[in-house]
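What the coordinates show
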Amino acid sequence: MNTTPSDRQVKIVEVGPRDGLQNEKNPVPLAAKVALIEQLGAAGLRFIEAAAFVSPKWVPQMADSAAVMREITRLPGVCYSALTPNLKGLEAALAAHCDEVAVFGAASESFSQRNINCSIDESLARFRPVVEQALAAGVPVRGYVSCVLGCPYEGDIEPAAVVHVAQALLDMGCHEISLGDTIGRGTPASTRALLEVCLRTIPAPQLAGHFHDTSGTAVANACTALEMGLRTFDSAAGGLGGCPYAPGASGNVSTEALVRALHARGFETGIDLPRLQLAGQAILDIVRR
Ligand code: HMG
Ligand code: MG
């Protein structure tokens, strides 16, 4: 593939501290979360999803998000972001000085109900003031669409349903849409089929790939998306992760594996792989203990 120099830069959004840890049953100590985020920054990660201002009854592991944001030593140039499902979450995220926030919708009605307790249309109506108020406060907003390559409750999902939600989030003012293969059911072929439809109306720089690795295809799916022009990918150090409302979903693609694959193909990430591996190993040692 012919690429220009800027075309060789890949943006990695490290979601380990949030997506990676949210599903851990035992409480992960605050100090371990803080250490993970600091080690990731030191390894060169420039976009770190550090927290989720969601209901602690729904996701107990994220209940200490304000403390995480308060305790971390922030590196200049690093964007520390958090999930914000509603205005209450946004208020907490702004109070915690998050650099970016994310709203998270789904292409599947059943998953939307199970994950955020409302329909897709209700979620979009709920996100609109969140995006407006975040932007008014000078905080950029990312949008997630879950279940883009399959739903744990509904099975196959039409690409048109993905585009509908992604476009609605872009129209609201989200600067980037992360396409979530929440249950890791995608293959290179289904990834290609989805992106062919998305890219008809949404430019590649506005899309990110978020692959869970349930079937061991996440790196291959990311490489397919890379070939099709995407340059932003979400991943979790140590391959941690899962969603409490997506039974059977396993970890995110591991940042280590993704970075290795990207570097092997001549792409640049700015990430120091040995330091990243230490960060991944340290958090795995804690959650597996
Ligand atoms: P609800 O129960 O419908 O909310 O939950 P509600 O507005 O009726 O409020 C009920 C209670 O929750 C109230 O407290 C609120 O104050 C509280 P009470 O009066 O009962 O004591 N509450 C909150 N507390 C803290 N922070 C908040 C908040 N909002 C309300 N922001 C809600 C609706 C959206 C809040 C809930 O369903 C929720 O928190 N869901 C989050 C689920 C979640 O975090 N899932 C994992 C992340 S998504 C994911 O992993 C997928 C992704 O990685 C991409 C992919 O892989 O596809 C992003
Ligand atoms: Mg996820």
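Residues numbered from 1 in each chain as written. Chains lettered and ligands numbered in written order. Predicted model: local features only at pLDDT ≥ 70, side-chain atom pairs only at ≥ 80, totals over all residues. Heavy atoms only, no water.

**Quick look at the overall build of the protein**
Keep this limit in mind: Numbering of helices and strands starts at the N terminus; helices are DSSP runs of H or I of at least 4 residues and strands are runs of E of at least 2. The reference for a compact globule is 2.2 Å times residues^0.38; the radius of gyration itself is calculated from the C-alpha atoms. Buried means the residue's accessible area, taken with a 1.4 Å probe over protein chains only, is under 20% of the maximum for its type, while exposed means over 50%, and partly exposed covers the values in between. Working rule for contacts: check all heavy atoms of both residues, and any pair within 4.5 Å makes them a contact. In these tables, accessible area is a Shrake-Rupley quantity obtained with a 1.4 Å probe, and a residue counts as shielded only by the protein chains included in the view.
Helix and strand counts for the protein stand at 11 helices and 8 strands. A globule of 289 residues ought to have a C-alpha radius of gyration of about 19 Å, and the protein, at 17 Å, matches this closely. In the protein, buried positions account for 55% of the 289 residues. Sequence separation of at least 24 residues holds for 75% of the intrachain contacts in the protein that already meet a minimum separation of 6. When the accessible surface of the protein is summed, it comes to about 11,600 Å², and 53% of that surface belongs to carbon and sulfur atoms.

**Describing the pattern of salt bridges**
This is how the line gets drawn: What counts as a salt bridge is simple: a side-chain nitrogen of Lys or Arg found within 4 Å of a carboxyl oxygen of Asp or Glu.
Per the stated rule, a full pass over the model turns up 10 salt bridges. Arg18 is the salt-bridge partner of Asp19, the closest N and O atoms lying 3.6 Å from each other. Here Asp19 matches Arg18 in class, with each residue buried. A network of salt bridges, in which partner residues are shared, links Lys11, Arg142, Glu176 and Asp234.

**Considering the site of ligand 1**
The condition is simple: It suffices for a single heavy atom of a residue to lie within 4 Å of a molecule or strand for the residue to be listed as near it. Pairs of N or O atoms are called polar contacts if they sit within 3.5 Å, as long as, within protein, a hydrogen donor faces a hydrogen acceptor (for residues adjacent in sequence, only side-chain-to-side-chain pairs). Note on definitions: the grid is 1 Å and covers protein atoms alone; a cavity is a set of points where a 1.4 Å probe fits but cannot get out; a pocket is an open set with protein on both sides within 12 Å along at least five of seven lines; lining residues have an atom within 4 Å of a point. By definition, a pocket or cavity contains a molecule when more than half of the molecule's atoms lie within 2 Å of the pocket's grid points. Basically, the charged four are Asp, Glu, Lys and Arg, the nonpolar ten are Ala, Val, Leu, Ile, Met, Phe, Trp, Tyr, Cys and Pro, and anything else, Gly included, counts as polar.
In the region of ligand 1, 27 residues are neighbours, and Gln22, Ser55, Asn117, Ser146 and Thr182 sit closest. A distance of 3.0 Å is found between an oxygen atom of ligand 1 and a side-chain nitrogen or oxygen belonging to Lys57. With respect to ligand 1, the backbone of Gly89 contributes an N or O atom lying 3.3 Å from a nitrogen atom. Computed on the free molecule, ligand 1 has an accessible area of 1,100 Å², of which 74% lies beneath the protein chains in the complex. Because more than half of its atoms lie within 2 Å of the grid, ligand 1 is assigned to the largest pocket. Going through the elements one at a time, helix H1 (16-20), helix H4 (87-95), helix H5 (109-116) and strand E5 (141-146) are the ones with two or more residues in the shell around ligand 1. Across the shell around ligand 1, the residue classes break down as 11 nonpolar, 11 polar and 5 charged.

Nothing here speaks to function; it is geometry throughout.
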